Structure formats: structure tokens, C-alpha cells
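One-letter residues, chain by chain:
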Amino acid sequence: MLSTTPPSDRDEAARAVLRRNDRGGFTVPNGRVYPFQWNWDSAFVALGFATFDLDRAWRELETLFEGQWDDGMVPHIVFRAPADGYYPGPEAWGIQRQPLTSGISQPPVAATAARVLHGLSGRDASRIRALVPKLFASHRWWHETRDPDGTGLVTMVHPWESGRDNSPDWDEPLANVVPQVDVAHLRKDLGHVDASHRPTHDFYNRVMTLVEEAKALRWDGMAVARGLSFRVCDLGIQSILLRADRDLLKLAEELGFTEEAVALQGWIARSDTAMSRLKGGDGLYRSLDLRSGRLSEAVTCAAYLPLYARMASQEDALALKRHLAATRAAAGFSVASSDPRDRRFDATRYWRGPVWLMMNRMIADGFSAYGLTEEAGLLRRDSGDLVRQNGFWEYFDPRDGTGCGGPDFSWTAAMWLSWAGSQDDRQALTAL
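Residues numbered from 1 in each chain as written. Predicted model: local features only at pLDDT ≥ 70, side-chain atom pairs only at ≥ 80, totals over all residues. Heavy atoms only, no water.

Re the overall build of the protein chain
Helix and strand counts for the protein chain come out as 16 helices and 7 strands. For the protein chain, the C-alpha radius of gyration of 20 Å lies close to 22 Å, the compact-globule estimate for 432 residues. With respect to the principal axes defined by its C-alpha atoms, the protein chain has extents near 55 × 50 × 50 Å. Counting every position in the protein chain, which comprises 432 residues, the buried fraction comes to 62%. Taking as baseline every contact in the protein chain between residues at least 6 positions apart, the subset at least 24 positions apart corresponds to 71%. Only carbon and sulfur atoms are counted for the fraction: they give 48% of the accessible area of the protein chain, which is about 15,600 Å². Distance between charge centres in the protein chain, computed from 50 positive and 57 negative side chains, equals 1 Å. (Helix = DSSP H or I, 4+ residues; strand = E, 2+ residues; numbered from the N terminus. Rg over C-alpha atoms; globule rule 2.2 N^0.38 Å. Buried < 20%, exposed > 50% of the residue type's maximum accessible area, 1.4 Å probe, protein only. Contact = heavy atoms within 4.5 Å. Areas by Shrake-Rupley, 256 points an atom, 1.4 Å probe, with all protein chains shown as cover. Lys, Arg positive; Asp, Glu negative; His and termini not counted. Charge placed at Lys NZ, Arg CZ, Asp CG, Glu CD.)

Shown next as C-alpha cells:
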């Protein structure tokens, strides 16, 4: 039965989640499971803050970029304060810089979020002007350091960079990583959430082996991009970066960043052309193992993101409409992070089946852009119903909506405030 809590009360509960997880200029995803600042989490969280505190929304992005490396990379974690309840902490990464960070990145949502905030800021362009050079440097890092041969396809060197940590997309390329460490005894996450919801010990041993490989290369960007034993073009990163390039280009043109605009135009053209390499014979897009040259067998929630990137054809959009109908019929709520008909589907295990609201938002935005407003509205309603039934969980079982992972999750609250809890039929990201 759906909750009868009035929308205003649910909105206040969502704002309370963000306030509780606010650590003074940056937000933790969840106080127990994730006690630091995460990259794409902060971009989504900024959209939630923007609904009631625009200054605080800007600050979320600004503090994220305080962790930016000299080469332009924005790390996936900024370790703001000691926390014994999380592994791998800063000592595992071995990065000697301040603030302490991890050594890998995450999907670059920040430019898209920044364009939203700029659209809400009226005539005051001071904060976006200060941020554009940092955003541009991060995009240059993806297009140059992580695409050293200029192919148009960027390289992901660690499953955690995708944000979709143990998605079936990575099963085959990760199987070729020979575990050199055993870190099961170091894990802290299993003390906070149901172990059946989390990645396996074998997964952790393989991904921490990749960290050791990068440490041996002294975290040199080009060497890491060319040399790690896991190198994949993630359809998610590729699509999110392309969308962010388009948003950053609009900002650069508006604000007079002429050289940056020219570079962005070149990167966009190259990426648009290269995306055809990620299209399978069935017309659906997949991630590409850059070592073997094989596309992933799995069709995951990332398959919809070419719509969000605005590079898919109308024919592609209709194929994804049919795919959504089939997968939702097999589950209950959309979008399942892995096809419920696939043998690798796991309804409650991290990224192998559950529904994530920020993915739903990007996917709905894509459907709306291609005129498929019924599908976009369905995803907003599904997302809203999940929160109404269960609250602000990290992710949800697509079969019955049960909340999974960590409770009181920042990006789920942010997606409610800025999208899923809206009382109209808006489908697109605010102001885009």
C-alpha cells in the first residue's frame, strides 16, 4: 500500500536527509556506509540542494573540485576526515596529496549539474565562471589522458570508475584480472548492510589488485590508461561524458570561453562518431572490453544512456522503448540495473538488478528528449512510488520495491526533491 504522507512532509523528510548528511560544505552519501565525499553523488546531490538552498548547491560542486588533481582528474572519493568504518580508505590508495583522494574518477555529471545551477542563478555568473576552467580540465583529462590514441572512446581502468561497481558488464574483463591480494578481512561494508546486497570477496580481491597495479605505476595517468589489466570503454561514462560535453559547450559559448568551446566541439564530434562501435547486432548499446575488443554480453541500464547523451537515432529510441516494456514486464519497477531475463540478474545485489533513482532520472531525461514522454513519465512515477513505499534507500528491489543498501541516502533524497516527487509531468533535468 502506498504511503498517504502528504508531499510536503515527504519533501521535508528529503531535505532532512540532505541536512543530516551535510558535513559542512560537502555531503556524504550515507553517514554509516559511505563517510566521505563521492564524485557523481555530489553532482546529483547539488540538484537536490538547489530546490531549497542554491548557495549550498554551488558549494557542493566547489568542494568536490577542491580534490581535483593537477592533470585535471576529479577523483571518485575525496577523503575529508578520518573514518575507520570504511575500506579502502586513503592509506589503501597511497595518494600523497591534500586533500587525500582516491586514484580513479567517476562518471562526469558535474558539468550538467553546473549548467542547471547556472540556469537558476539569474544574472550572477561569478560562480560558474570560476568553475568552467576546472570542468574543462576534467573533460580534457577524459578525452586526452583516458583516450591517449584519440579514438573517441574513453578508457575506464577500474569498475568503481563506472559508478556501477559490480555490473555484469565487467564480469568478463574482470575475470582476466589475476587476484594478487586478499582483502576480505579488511572490508567494513558488510558490517553496515546485508552481505547479500554487496559485491563478493572475489570481486574486492580483483579490484584491489587493480589499485596495486596503478600504485606500481605511481598513478601516472597515461601509464595507467595504457597498462592496467582492466581497460574498458564503459557505455555509461562514454554517454554521460558526451552529454556533459554538450552542456559544458553551451556554458563555454555563453560565457566567452572561446578556446574551450572549440576543443569541446572537436571532442563531441569524435565521440559521436566513435559511439557506433558500442552498438550490438540487436541494435542495443553495450560497453566494450578494450583489451579483447568484445562488446559485453549483458544489456544493462547503461544501454539507455545514449538517449541522455543525445546521440542515438529515433530508431534506437524505439528499440529502447521496446526493451523497457519487456524488462519492466519481467520485473515490476523500472529500470532494473540488469535485464531481469538475464542469467546474471540478481534483484538485490549491488548493480546486478536493483533500481537506482539517479539512473532513472537520466534515462527519463533521454526518453523525453526523443518524444517518448509516456516512458519518461513511467520512470518518474516508478521512482516516486519507490520512495513513497519505502523511503530514501540507496537502491530498490525491482520486483517489489523493497529498499536495499544504505538508508537515508543523499542522492535518493535529492532525486525526490528535484524530480521524482514533483507533482507535474516534468521529465527532463531542471532547466535543461
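After that view of the structure, there is still more to cover.
Here's the deal with empty space enclosed by the protein
Counting across every chain of the model gives 6 cavities of 30 Å³ or more. Looking at the largest cavity, its volume works out to about 200 Å³. For the largest cavity, the lining is made up of 18 residues, of which Tyr34, Trp38, Gln106, Asp165 and Tyr350 are closest to its centre. Its residues assigned to classes, the lining of the largest cavity comprises 11 nonpolar, 3 polar and 4 charged. (1 Å grid on protein atoms, 1.4 Å probe; cavity = no way out; pocket = protein on both sides within 12 Å on 5 of 7 lines; lining within 4 Å. Points joined across faces, edges and corners; volume = space filled by probe spheres on them. Nonpolar A, V, L, I, M, F, W, Y, C, P; charged D, E, K, R; others polar.)

With respect to the sheet that holds strand 2 (residues 77-79)
In space, the 3 strands of this open sheet follow the order 1-2-3, with antiparallel pairing throughout. Every other strand in the sheet has two partners, leaving strand 1 (37-38) and strand 3 (100-101) as the edge strands with one partner each. The pairing of strand 2 with strand 3 spans 2 bridges and is antiparallel. In the strand pairing of strand 3, Val78 is matched with Thr101. (Pairing = 2+ DSSP bridges.)

Considering the nonpolar core
In terms of nonpolar packing, the biggest core is built from 137 residues, with Trp40, Met358, Met359 and Phe367 touching the most fellow members. Among all residues touching Met359, those that are not within four sequence positions of it are Trp40, Arg164, Cys301, Leu305 and Trp351. (Core = buried A, V, L, I, M, F, W, Y, C linked by side-chain atoms within 4.5 Å.)

Some words on the confidence of the model for the protein chain
In this model, the protein chain carries an average pLDDT of 92, and 93% of its residues clear a pLDDT of 70 or more. Taken together, the stretch residues 1-5 has pLDDT below 50 and engages in 5 contacts with residues farther than four places along the chain or on a different chain. (pLDDT = per-residue confidence, 0-100.)

Digging into the packing of helix 15 (residues 373-390) against helix 16 (residues 410-420)
Remark: helix 15 packs on helix 16, axes separated minimally by 11 Å, with the N-to-C direction vectors making an angle of 130°. Classified by the angle their axes make, helix 15 and helix 16 are oblique. Considering the relative orientation of helix 15 and helix 16, their crossing is left-handed. From helix 15, Leu379, Arg380, Ser383, Gly384, Val387 and Arg388 reach across to helix 16, where they touch Thr412, Trp416, Trp419 and Ala420. (Axes fitted to C-alpha atoms, helices over the stretch in contact; angles between N-to-C directions. Parallel < 35°, antiparallel > 145°, perpendicular 65-115°, else oblique. Left-handed = near helix turned anticlockwise from the far one by under 90°.)

Things to note about the pattern of salt bridges
A side chain with one charge can pair with a side chain of the opposite charge if their charged atoms come near. Taken as a whole and judged by the stated rule, the model has 34 salt bridges. With a closest N to O distance of 2.9 Å, Asp234 and Arg164 form a salt bridge. Taken together, the residues Asp234 in the loop between strand 4 (232-233) and helix 10 (235-255) and Arg164 in the loop between helix 6 (126-145) and helix 7 (171-175) connect sequence positions 70 residues apart. In this structure Asp234 comes out as buried when scored by relative accessible area, which is 1%. Two residues, Arg206 and Asp202, come together in a salt bridge whose shortest N-O distance is 2.9 Å. (Salt bridge = Lys/Arg side-chain N within 4 Å of Asp/Glu carboxyl O.)

Description of the environment of Asn39
As for its placement among the helices and strands, Asn39 is situated in helix 2 (residues 39-49). Given the relative accessible area of 3%, Asn39 is considered buried. Sequence separation of Asn39 and Glu297 is 258 residues, and the distance between their C-alpha atoms is 28 Å. If we skip the residues at most four places from it in the chain, Asn39 touches Leu64, Val74, Pro75, His76, Ser105, Gln106 and Pro107.

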